[in-house]
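# Coordinate inspection notes
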Amino acid sequence: MLRSIITVHALAVSVQPMLAGQFLSGNFDMVEVHGVVALLVTLLALTQILFAVLLWRPGRGPLWPVGASLLVFLAEGLQTGVGYARLLSLHVPLGVAIFGIMLLLLVWVWRPRLGVPPKAGTGSTPTTSAATR
Amino acid sequence: MTRAMSPSRRGFLGLLGAAGAVGVAGLAGCGFPRGTLGEPLTSELPLPRPFRVPLPVPRVARPVRSDGDTDYYEITQRESEVEILPGVRTAVWGYDGLFPGPTIESRSGRRTVIRHRNELPVPVAVHLHGGHTPPEHDGYPTDLVLPVGDAARSGYAGHAGRAGWSFHRGAKEYAYPLEQRAATLWYHDHRMDFTGPQMYRGLAGFHIVRDDEDDALPLPKGDKDIPLMICDRAFAADGSLRYPALDPSLRDEPGVRAAYMEGVLGDVVLVNGAPWPVLEVANTRYRFRLLNASNARHYQLALDPGPPEGASFLQVGSDGGLLPAPVEHTALRIAPAERYDVVVDFSGYPVGSEINLVNTLGSGGVGRVMRFRVARRERDEASVPGRLSEYEPLRRSQAARVREFRFRRGTVHGMKGWTINGKAFDPTRMDARPSLGDVEIWRFTTDFHHPIHLHLVNFQVLSRNGGGPRESDAGWKDTVDLEVYDEVEVITRFTGYRGRYVLHCHNLEHEDMAMMANFETV
Ligand SMILES: [Cu+2]
């Protein structure tokens, strides 16, 4: 479940610069879509925190995804504020940073667990399998 | 995550990392294709091959009479059929039936009076853009010249008696004192709510003011001083100009279809009314008076190939005439209604060279503008001196006050439109009252691309987003280009005439959708 949420979240995040680009190149309505997607992204971030926590307890998974999800959530909140305040000089680098963290999380949830016998999936990485699948 | 990674996993991560990097680069690239700035319209006809037709130069109008201090002209605004695309007849609305209209040439300080007779099926208003003109001759949007013999038509006659509107039956004399520096001005339609479609149909022409200071400079002259009116159009299957007007008769209902409210873009670039034309030049300097007369399209002009030495464009003048000193540009961004007076030196190109004037904001057809072909060798009589002119730079400390104008998307009569300080244009509401003689700073902020134009006065660009102006902001200007979320301060001294004038966005679809405000000089 966490995997699906992170995937959708990362997708939504990656749509944002495209919408911004269309706005800058002349389609005004795209900035409104950009705002709606921003709200969606923030909701996804909240959900992601919830599932990251569940993965940790009771799931016995690592704690760092909780931290990373919280960080992304806070960054996105700030990003939305900065966007509405039209501070482009902060908005663009912050957007790149959020995209970077989401990319890392995406790699983490989709990493192939090679070297682990498929049937013994609960062996070397017992904690993630249950909750992420 | 402390486990050593297996080789294949490291490879997978590397791949993902690379994909991510490409993705980020691609997305970052997406943020900056500022090529369109509006909604493109596509022609329904096959487009001509570029660089086939010679560049037309609009004819210079002759006065019908002159006296001690005034030249008198007569222009009839009428529909005519012209050949813009080879072999295709296109109906245009033109000054004397021409698109562009005839060029008016005036001497600074000598009065020019132009009687405009309206044989079009709609009301018109004529604005001399860049003119220092009394208010009753400025082409105020609701000061309309009604069609000859057709003054009682409903729709616009219904405006009669409404506050702020006035009408002239069939014709009006516009008198221009032209007490101003030599500059490339232009005249165009300014009818309330319908400027976009009426200019698009052809109502625009050059008005060049000359003076002794400019004449005395050794800049290229005569047939090497050429005005270039750049605009984009789209064509319908029947050859007519394609425009998404809600009311194609342009009589009653203003506006364009909602998708086009950002601005209408064509797919054919015309220079002086010809599609992607060619100009044969000698291997010498030329002075080109560049005007972007497009409704909404911005261009970034460059020469391809650029000259082997020196910059492509040596700018000598802006909207309001000569700069203090020439400014070099390898590329020149030009927003609707802006003018750049540039010298191009073809001496570095061998005879036979073909040099394209390109638009690096566009791709395909709209990425091309015109072509120069170096056809002959000639001795160059012209040069560009290091000092061109002198004028008083206005300083922040001189300003009596600062006014704010916020240019934003907003609600106009219950529909989506464009506003200034949250308000739609209203001819009866005065938004600023500067005193004659006062210096003021006007601060503009935007939510989108808006080229902002002031009537009556020229200004100097004081700042951009807290920093200095751009190189291309130099000189006296009447139109300043603002991009998304820009803040620009301009400074000016209000002089000349008392009365009501407008400031507005010169993206014509924005202007027609209410992005205009009044000021009254007192
Ligand atoms: Cu605008």
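Everything numeric in this text was worked out from a predicted model, so none of it was measured.

In this section: the overall build of chain A. The number of helices and strands found in chain A is five helices and zero strands. When the elements of chain A are put in sequence order from the N terminus, they spell out α-α-α-α-α. Counting only residues that meet the buried cut, chain A has 44% of its 133 residues in that class. Relative to all contacts within chain A whose residues are 6 or more apart in sequence, the contacts with residues 24 or more apart total 64%.

Residue and element names in this part refer to chain B. Across the seven residues of strand β11 (residues 183-189), seven count as buried, placing the element largely inside the fold. For strand β7 (residues 126-129) and β11, the ladder comprises four bridges, and the chain directions are antiparallel. For V126, the partnering residue across the bridge sits in β11 and is D189. Here β11 runs beside strand β12 (residues 204-210); their pairing, made up of six bridges, is antiparallel. Paired with Y187 across the two strands is G205, which belongs to β12.

What follows covers the environment of R181 of chain B. All names here are of chain B. For R181, the position within the fold is in the loop between β10 (171-176) and β11. Note: C-alpha distance between R181 and R107 (74 residues apart in sequence) is 9.3 Å. Residue contacts for R181: discarding those within four places in its chain leaves V209, D211, E213, G320, G321, L322, S389, Y391 and W476. Of the polar contacts made by the side chain of R181, one reaches the backbone oxygen of G320; its length is 3.0 Å. At 2.9 Å, the side chain of R181 and the side chain of S389 are in polar contact.

Across soluble globular proteins, you tend to see nonpolar side chains buried next to one another. The biggest cluster of nonpolar side chains holds 140 residues, and the ones touching the most others in it are F288, L290, F346, F372, W442 and F444 of chain B. Considering every element that reaches this core, the biggest residue donor is helix α1 (residues 2-24) of chain A, with eight residues. In terms of nonpolar packing, the next biggest core, distinct from the first, is built from eleven residues, A125, L144, A514 and M516 of chain B among them.

All names here are of chain A. Orientation of α1 relative to helix α2 (residues 29-56), taken along the N-to-C sense of each, is 160 degrees, at an axis distance of 9 Å. The orientation of α1 relative to α2 falls into the category roughly antiparallel. For the pair α1 and α2, the crossing hand works out as left-handed. Partitioning the contact of α1 with α2 into residue classes produces 20 nonpolar, six polar and no charged.

Before going further, it helps to spend a moment on the environment of N272 of chain B. Residues and elements named next belong to chain B. Within the secondary structure, N272 sits in the loop between β15 (268-271) and β16 (274-275). Separated by 41 residues in the primary sequence, N272 and C231 have C-alpha atoms spaced 8.3 Å apart. For N272, the contacting residues outside a window of four places in its chain are L55, P56, V57, P58, F99, P100, F206, P227, L228 and M229. In terms of polar contacts, N272 uses its side chain to reach the backbone carbonyl oxygen of P227, at 3.0 Å. Within the local environment of N272, its side chain forms a polar contact with the backbone nitrogen of M229, the two atoms lying 2.8 Å apart.

Here the focus is the domain arrangement of chain B. Residue and element names in this part refer to chain B. Split into domains, chain B comes out as domain 1 (65-216), domain 2 (224-376) and domain 3 (396-521). For domain 1 versus domain 2, the separation of C-alpha centres amounts to 22 Å. The contact between domain 1 and domain 2 buries some 3,300 Å² in all, and 62% of this surface belongs to carbon and sulfur atoms. Counting every contact that joins domain 1 to domain 2 gives two salt bridges.

Residue and element names in this part refer to chain B. Counting buried residues in strand β5 (residues 101-107) gives five out of seven residues, a clear majority hidden from the surface. Here β5 pairs with β12 via five bridges, running parallel. What sits directly across from I104, in β12, is H207.

We now examine α1 of chain A. Over its 23 residues, α1 of chain A extends 34 Å from the first C-alpha to the last, a length consistent with the 33 Å expected when each residue adds 1.5 Å. In the stretch just after α1 of chain A, G26 of chain A is the one whose phi turns positive, near 130 degrees.

Here we take up the packing of α2 of chain A against helix α3 (residues 64-84) of chain A. All names here are of chain A. Relative to each other, α2 and α3 sit at 165 degrees, their axes nearing to 8 Å. Between α2 and α3, the angle is such that the two are roughly antiparallel. Handedness of the crossing formed by α2 with α3: left-handed. In this structure, α2 contributes G35, A38, V41, T42, A45, L46, Q48, I49, A52, V53 and W56 to the contact, and α3 contributes P65, V66, S69, L70, F73, E76, T80 and Y84. For the contact of α2 with α3, the residue count by class is 13 nonpolar, five polar and one charged.

Residues and elements named next belong to chain B. The protein atoms that coordinate the copper ion are H450 (ND1), C505 (SG) and H510 (ND1), at distances spanning 2.0 Å. In primary sequence terms, the donor set of the copper ion follows H-x54-C-x4-H. Note that H450 is positioned in strand β29 (residues 450-454) and H510 in helix α4 (residues 508-512), a separation of 60 residues in sequence. We note that H450, like H510, is buried.

Residues and elements named next belong to chain B. Along the chain, P393 falls in the loop between β25 (368-376) and β26 (401-412). Taking relative accessible area as the criterion, P393 reaches 54% and is therefore assigned exposed. Residues P393 and F407 lie 14 residues apart in sequence; the distance between their C-alpha atoms is 26 Å. Once residues within four sequence positions are removed from consideration, P393 is found in contact with Q398 and Q460.

Reading guide: rules and limits
- Residues numbered from 1 in each chain as written.
- Chains lettered and ligands numbered in written order.
- Predicted model: local features only at pLDDT ≥ 70, side-chain atom pairs only at ≥ 80, totals over all residues.
- Heavy atoms only, no water.
- Helix = DSSP H or I, 4+ residues; strand = E, 2+ residues; numbered from the N terminus.
- Buried < 20%, exposed > 50% of the residue type's maximum accessible area, 1.4 Å probe, protein only.
- Contact = heavy atoms within 4.5 Å.
- Pairing = 2+ DSSP bridges.
- Polar contact = N/O pair within 3.5 Å; in protein donor to acceptor, adjacent residues only side chain to side chain.
- Core = buried A, V, L, I, M, F, W, Y, C linked by side-chain atoms within 4.5 Å.
- Axes fitted to C-alpha atoms, helices over the stretch in contact; angles between N-to-C directions.
- Parallel < 35°, antiparallel > 145°, perpendicular 65-115°, else oblique.
- Left-handed = near helix turned anticlockwise from the far one by under 90°.
- Nonpolar A, V, L, I, M, F, W, Y, C, P; charged D, E, K, R; others polar.
- Domains from an automatic or database assignment.
- Buried area = accessible area lost by both parts, 1.4 Å probe.
- Salt bridge = Lys/Arg side-chain N within 4 Å of Asp/Glu carboxyl O.
- Expected span 1.5 Å × (residues − 1).
- Donors = N, O, S within 2.8 Å, 3.2 Å for Na, K, Ca; no water.

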